[in-house]
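# Summary of the model geometry
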Amino acid sequence: MTSTLTVTLLGIVLIAVFGFLGRRKPTGDLSEWTHGGRQFGAMTMWFLQAGEVFTTFTFLGMAGLAFSGGVAALYALPYIPLAYVGLYFLAPIIWRRAHERGHLTQADFLADFYDSRLLGFITAVFGVVFLLPYLQLQITGLGLAVQLATGDQTSSNVSMVIAFVLVVAFVLWSGIRGVATTSYFKDAIMLVVLLVLVVAIPAHFTGGIGATFHKIMATHPDMLHIHSGTYDSAWFFSSMVASTLGVLFMTFPHQWPALLSAKSPVAVRRNYVFLPVYSIALALPMIIGFTALVVLPKGSKSNGALLNLVHQAFPGWFVGIVVVATAATAMVPAAGLLIGMSSLIARNIARTRSDRSQFLVNQGAVVGVTALALGLAIARPDLLVNLLLLTYSGLDQLIPAIGLALLARKLVGVWPVLAGLLVGEIVVIWLTFGDTYSGHVNVGLVALVPNIVVLLAGTVLERTLRGTKQERVPQLPEAEAEPERLR
Amino acid sequence: MRRYLIILAIPVVALVATVWLPFVNRASLWFGLPSVMVWSVIWVLAITPALALLEFSPRQRDADAREAGGGPKR
């Protein structure tokens, strides 16, 4: 066994140990398991939500996108902080209502507001289907890192299996508390590794960060601005807006457990005040991607750019540490994804008769979903790749439903919302796979137009048929107080 | 409160407008880094103090105190 693989496997086990430390005894209460008793302060929340920002996509993918698209990759830098600005105001509304009404999931929130279990079921199904390829992405990202570092497919497969068996084990044991404790380790190792790499890699290959960009200025000036082509202004702007709206309206089901685990609206708000500072760390892998632009031959695989440079510049044991950091960016977000998906299955998809059976379904879902994603990652790694194209755009179609549910009054009934959602999803699928759309505007944004048009038309029809009565959301004094405070 | 919201709007507008600003979106280096990168990092960093002004404003403190005390909410 090489030093790289030894360090990698030890690191993977260490990540899992941090996960088990999250709880002394396993719980049988789904609320406690999912939200940690809603007792997390701003600091823990900070790590939990920061953990969602840095996945294998940001660690390997951002370097890859900078390598292939230059500064166009920077669309990913502001969208999360921009969403935090809005969440500073909206998240306390969600937290208060969820706290008062006992919501555990995104689908609980929607089903309760629109008084429709069907809507809860459908949004939960969309949530699980769209997050499954995202989970697989974390697994294949880890496998790719091991393969690039060791050059061995068997080591890659073994690492994926060991890592995700351990993820399942600590998630079953600790729930969201395990995600929190692993997040501390993940963010620490990831930041240290990134800071070392961003100094050492440019210094090793080009003489420093400044020299790297001066070389790019001389050889690839087009990579320093957003221009016509695949990554043009329309792509940059619409990708940033679509991603911002997706995060702002909490369309990702795995955003909800982290938010609802906060102990108070103050903890929620404070978190959004300080999280933007952390987001600038996204620029670090991009700088490494720019270095790859002047070092690696044209046509090199973009997702492997960062690890390719690491492999050339560092000894085996340090390559192992970088792979451990990559593994952490896969395992920790995957644990959060599993909690988001399993709670949707247990609460909103499966029909259970007791709290006990609901919890058992939840635990079974953690195992089943991971087994499915892991099996596909090893046996058919390309099967879900196309579905991943739908993840962001597909979940963006929940924006109108969630946006309207944040209001104190129910202005729109469930059927227009459902019709808009389904039309939006159909348009996303058609534009993504239909070979009819060649524009660069984000598909999710384009599909939001028919989604909202159908919603409005349905609302007019509904009001014509039933009169213009607006329903007030029952027992929501806190939610009503919040918009007042904003003025 | 309106003053704080206007301050908060400045980095938001600056970030959203990045691609449309000709002095930012061009092949140039500021402090040895791409201008788009420096611009984005500066305004992302500006969000935190802008939100902190709002969060630690007397009005927000009063609202939190009222909520903690179970008093009437405006």
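Residues numbered from 1 in each chain as written. Chains lettered and ligands numbered in written order. Predicted model: local features only at pLDDT ≥ 70, side-chain atom pairs only at ≥ 80, totals over all residues.

Bringing the overall build of chain B into the picture now. When its secondary structure is counted, chain B shows three helices and two strands. Reading the helices (α) and strands (β) of chain B from amino to carboxyl end gives α-β-β-α-α. What you see for chain B is a C-alpha radius of gyration of 18 Å, clearly larger than the 11 Å of a compact globule of 74 residues, by over 25%. When the 74 residues of chain B are sorted by exposure, 27% land in the buried category. Counting contacts in chain B only where the partners sit at least 6 residues apart, residues at least 24 apart contribute 49% of the total. (Helix = DSSP H or I, 4+ residues; strand = E, 2+ residues; numbered from the N terminus. Rg over C-alpha atoms; globule rule 2.2 N^0.38 Å. Buried ≥ 20, exposed ≤ 12 C-beta atoms within 10 Å, placed from the backbone. Contact = placed C-beta atoms within 7 Å.)

Further remarks concern the environment of Phe113 of chain A. With respect to the helices, strands and loops of the structure, Phe113 of chain A is situated in helix 6 (residues 106-113). Note: C-alpha distance between Phe113 of chain A and Val179 of chain A (66 residues apart in sequence) is 29 Å.

With that settled, the discussion passes to the interface of chain B and chain A. Residue-level contacts link 26 residues of chain B with 33 residues of chain A. Here the side of chain B that touches chain A gets 11 residues from one element, more than from any other, and that element is helix 2 (residues 35-55) of chain B. Here the side of chain B that touches chain A is composed, by residue class, of 17 nonpolar, four polar and five charged. (Nonpolar A, V, L, I, M, F, W, Y, C, P; charged D, E, K, R; others polar.)

In this section: unusual backbone geometry. Unusually for a residue other than glycine, Met250 of chain A sits at a positive phi of about 55°. With respect to the secondary-structure elements, Met250 of chain A resides in the loop between helix 11 (233-248) and helix 12 (255-260). If you check the backbone angles, Phe31 of chain B has positive phi at about 55° while not being a glycine. Following the sequence through the fold, Phe31 of chain B ends up in the loop between strand 1 (29-30) and strand 2 (33-34). Residue class for Phe31 of chain B comes out exposed when judged on the 10 C-beta atoms lying within 10 Å of it.

This next bit is on the confidence of the model for chain B. Residue-level pLDDT values for chain B average 90, and 93% of them are 70 or greater. Reported confidences for the modelled complex are a pTM of 0.89 and an ipTM of 0.92. (pLDDT = per-residue confidence, 0-100.)

On to the packing of helix 7 (residues 117-150) of chain A against helix 8 (residues 153-174) of chain A, then. Residues and elements named next belong to chain A. Where helix 7 contacts helix 8, the axes come no closer than 8 Å and their chain directions differ by 140°. Between helix 7 and helix 8, the angle is such that the two are oblique. Considering how the two elements wind past one another, helix 7 and helix 8 form a crossing that is right-handed. Here Ile139, Leu142, Gly143, Val146, Gln147 and Thr150 of helix 7 come into contact with helix 8, specifically with Gln153, Ser155, Ser156, Asn157, Ser159, Met160, Ala163 and Phe164. Taken together, the residues of the contact of helix 7 with helix 8 break down into six nonpolar, eight polar and no charged. (Axes fitted to C-alpha atoms, helices over the stretch in contact; angles between N-to-C directions. Parallel < 35°, antiparallel > 145°, perpendicular 65-115°, else oblique. Left-handed = near helix turned anticlockwise from the far one by under 90°.)

Let's shift gears to the confidence of the model for chain A. All names here are of chain A. Confidence along chain A averages 89 in pLDDT terms, with 94% of residues attaining 70 or more. For chain A, the element scoring lowest by mean pLDDT is helix 22 (residues 477-486), at 39; helix 19 (residues 399-405) scores highest, at 97. In this model residues 476-487 is a low-confidence stretch, pLDDT under 50, and it forms 18 contacts with partners more than four residues away in sequence or in other chains.

Residue and element names in this part refer to chain A. In this fold, Glu52 is placed in helix 3 (residues 42-53). With 20 C-beta atoms packed within 10 Å, Glu52 lands in the buried category. Placed 282 residues apart in sequence, Glu52 and Ala334 show a C-alpha to C-alpha distance of 9.3 Å.

The end-to-end C-alpha separation of helix 21 (residues 443-466) of chain A is 34 Å, in line with the 34 Å expected for 24 residues at 1.5 Å each. Residues of helix 21 of chain A that are buried: Val443, Gly444, Ala447, Leu448, Asn451, Val454, Leu455 and Gly458 of chain A. (Expected span 1.5 Å × (residues − 1).)

A separate point is helix 4 (residues 56-69) of chain A. Residues and elements named next belong to chain A. Here helix 4 spans 18 Å end to end across 14 residues, near enough to the 20 Å set by a 1.5 Å rise per residue. At Met62, helix 4 shows its largest kink, close to 30°. When you tally the buried positions in helix 4, you get 14 out of 14 residues, the bulk of the element. Looking at the residues trailing helix 4, positive phi occurs at Gly70, about 65°. (Bend = angle between axes of the 7 residues up to and from the residue.)

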